[in-house]
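Geometric and topological summary
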Amino acid sequence: MTTVPSIKRLDQTVINRIAAGEIIQRPANALKELIENSLDAGATQIQILVKEGGLKLLQIQDNGHGIRKEDMAIVCERFTTSKLKKFEDLAQIATYGFRGEALSSISHVSHVTITTKTKDAPCAFRATYSDGKLVSPRPNVSADPKPCAGNNGTQITAEDLFYNVATRRRAFKAPSEEYNRILDVVSRYAVHNYSVSFTCRKQGGTVSDVQTSSTSNITDTIRQIYGSSVASELLHVEKEFPQLEYTLKASISNANYHVKRTTMLLFINHRLVESTNIKRSIENVYTALLPKGSYPFVYLSLEINPRNVDVNVHPTKREVHFLNEEKIVDSITSTLQEQLEGANFSRTFYTQTTLPGASQIEEDQPSSSTPTTTKKVADYNLVRTDNRETTLDTFVQHQHNTPLAATSAAAGNDHMDVDDEGSSRRPMQSQREKKLMKDMPFSKVHLLRSAVKKSEHPGLTKVFRDHKFVGCADDTLALIQHDRDLYLVNYAVVSEELFYQVVLAEFSNFGKLQLTSPVSILECIKLALDVEEKEGSLPDRLQPKDVIAMKIRDTLVKHQELLDEQFSIVVTREGYLTALPMLLKGYVPTMDKLPLFLLRLGTEVNWKEEDECFDVVTRELAMFYSAEPPLQPAGADEAEQGQYKKEHEKYLWQVQHLIFPGLLHFIAPQNLAGGDGGYVTRLARLTDLYKIFERC
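Our subject in this report is the structure included herewith. No experiment lies behind these values; they were computed from the predicted model shown.

1. Some remarks on unusual backbone geometry
- Even without glycine at this site, Phe162 takes up a positive phi of about 65°.
- Of note, Phe162 is situated in the loop between β7 (153-159) and α4 (166-171).
- Its relative accessible area of 1% is what places Phe162 among the buried residues.
- Notably, His270 is not glycine yet its phi reads approximately 70°, a positive angle.
- Relative to the elements of secondary structure, His270 occurs in the loop between β12 (263-268) and β13 (271-272).

What follows is the structure in structure tokens.
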């Protein structure tokens, strides 16, 4: 006989852990709740520290109004909140939180420590929590909050997340995946709250993966997080709909920008939410504008009358329901469509999204194997240039066997003498062409060379191999001709790829650019830190700049033998730089970038791992040597302006006569030919232009 099971009341701890599992599904959910608490507290600066994807450590610190000492005893208990008093308040809720479950849920699946200080408190107070209650931080110590030093605001630390839910903890694939989810949450809130400074980094890391300034506007914030390619193609929309009782604010990409997946940042009443209906409707708007399989970037903020929104429909508040949803969605799509159609004029130079292969000029010429009579080529198909032609100005400026002046921001006006031995001309030339090549024991070099070859875009490689230089459009763009096509080239980006290949080809066999006056590494790094500080890109709580500069100098001195032997970067025991590698014969990089180059050698390179060290130093060298104009001095007198003009003319001369000839032997990677970056764009074809001029 089957017995009827009796109904029993669950233990309160079990209830709380079940609830915690619904609200805190992974570290990113916990961080989302903590960020919203900080924003509710009026914070203008939020710093996030993460270890092992947030599973080992998740810490957030803000400068908000803090928590009163009297409230610390119940702050982690379930259903304790300062934002809601009665159920009717939900109808007009304007804060992120309202249920009072976030901190409670986190404390049931981790060890929580809260340090907080209000503006009028004489000191900060620290307390430790477990299962929603105050606990003693160590045996024989009271669990009450303890006074301590601290800044205004709150710091919440959650350690060993899901330590008591073994199944949930094992379900996470990798800490790196969880960290990427955390960065995604931080990035979205940073864009929406662009007047708040956000910083997110891994514990032990010196560089923040997300860092925004409270003085930035929304475009600058999007550029800093998602890149210049999307920020330069944004359309900003702001419109009010009184009948539907909502306001729309959006920053959307125009028809020039597209990626493989939609990037959708949706906020409703300042809450980060998801809506399949809104997302699908916006994607349909772009269907007629973007290539098949391409999608836009959309930041959309809706401020709807709180009485028309039900926020209490999902444990993590990921979804909300609101009145007149269909009408609101229709008004959103029609507004965005009008904006996109009105911006179509900006597509003048962006209709060519991918580079074609090499022009088939051979089809217009008779085969040499057939003795038939030659066919006259039409005038509009004639190619009237030859990439082998040489102009007189190639020989009258900046001969490579004379001292080349190079301005260094740290050392005044120094001169560099060019050593002809071992100089580079061809990026990926064969080893057999070098009689004095040294042995290269590093398999990493060969792997990287193979990767360059595998990533080749054959059509673009042929364009560079047979191109004719037309002229510089500005300090980063130049025009070249290949057969009957005219191309616009971003040589600042292309030259970085060129020098990367040169370093791989000439590894351990560079010539040297000797500095007639040694440059102090210490002073260079201090200068770089000063510049970074002015730009607001240095993380908070940084060690003194003098200490950082000395550590980096000592690191470079310690590895002076490796730098000299493999990269021809000569550093003395006293901490002075005396020589740099010569990557292209006669080419001198813009020395204004030297301080930042030395700083990044100290902060970006993992000197303990040989393969990783080589790869990063190679990339940093390529960035340093890439084409970038000299800095124009502010408030300069006539003599300084004259000096700047000479340096600028020399810069453009090097671009035309050293960098572009180097591209004749360049292996063009696929990423240069992509439509998104616009690094190489076909502007016009001779046959089309001929018809235009024929009518004039």
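2. As for the pairing of β12
- Within β12, five of the six residues are buried, which leaves the element mostly enclosed by the surrounding structure.
- Note that β12 and strand β14 (residues 297-304) share six bridges and pair parallel. The residue of β14 that forms the bridge with Leu265 is Tyr299.
- Summarising the sheet, β12 and β13 pair through two bridges and their orientation is antiparallel. Directly across from Phe267, in β13, lies its bridge partner Leu272.
- In this antiparallel pair of consecutive strands, β12 and β13, the connection spans two residues, and Asn269 shows a positive phi of 50°.

3. Looking at the pattern of salt bridges
- A full pass over the atoms with the stated rule returns 20 salt bridges.
- Where Lys453 meets Glu456, a salt bridge forms, and the shortest distance between an N and an O atom there is 3.3 Å.
- Here Glu497 makes a salt bridge to Arg619, at a shortest N to O gap of 3.8 Å. Residue Glu497 is found in helix α13 (residues 491-505), and its partner Arg619 is found in helix α18 (residues 610-625); the two are separated by 122 residues along the sequence.
- Taking relative accessible area as the criterion, Arg619 reaches 28% and is therefore assigned partly exposed.
- Among the charged side chains, a salt-bridge network with shared partners connects Lys462, Arg465 and Asp466.

4. Details of the packing of aromatic side chains
- What the rule picks out here adds up to 16 aromatic pairs.
- Seen from their ring centres, Phe499 and Tyr587 are 5.0 Å apart, and the 35° between their planes marks the pair as tilted. A residue pair is termed long-range when its members are at least 10 positions apart, and Phe499 in helix α13 and Tyr587 in the loop between β24 (576-582) and α17 (594-603) qualify at 88 residues.
- Judged by relative accessible area, Tyr587 falls into the buried class, the value being 3%.
- With centroids separated by 6.2 Å and ring planes inclined at 70°, the aromatic side chains of Phe507 and Phe567 adopt a geometry described as edge-to-face. In this pair, Phe507 is assigned in the loop between α13 and β22 (511-520) and Phe567 in helix α16 (residues 560-567), connecting sequence segments 60 residues apart.

Criteria and cut-off values
Residues numbered from 1 in each chain as written. Predicted model: local features only at pLDDT ≥ 70, side-chain atom pairs only at ≥ 80, totals over all residues. Heavy atoms only, no water. Helix = DSSP H or I, 4+ residues; strand = E, 2+ residues; numbered from the N terminus. Buried < 20%, exposed > 50% of the residue type's maximum accessible area, 1.4 Å probe, protein only. Pairing = 2+ DSSP bridges. Salt bridge = Lys/Arg side-chain N within 4 Å of Asp/Glu carboxyl O. Phe/Tyr/Trp six-rings, centres within 6.5 Å; stacked < 30°, edge-to-face > 60°.

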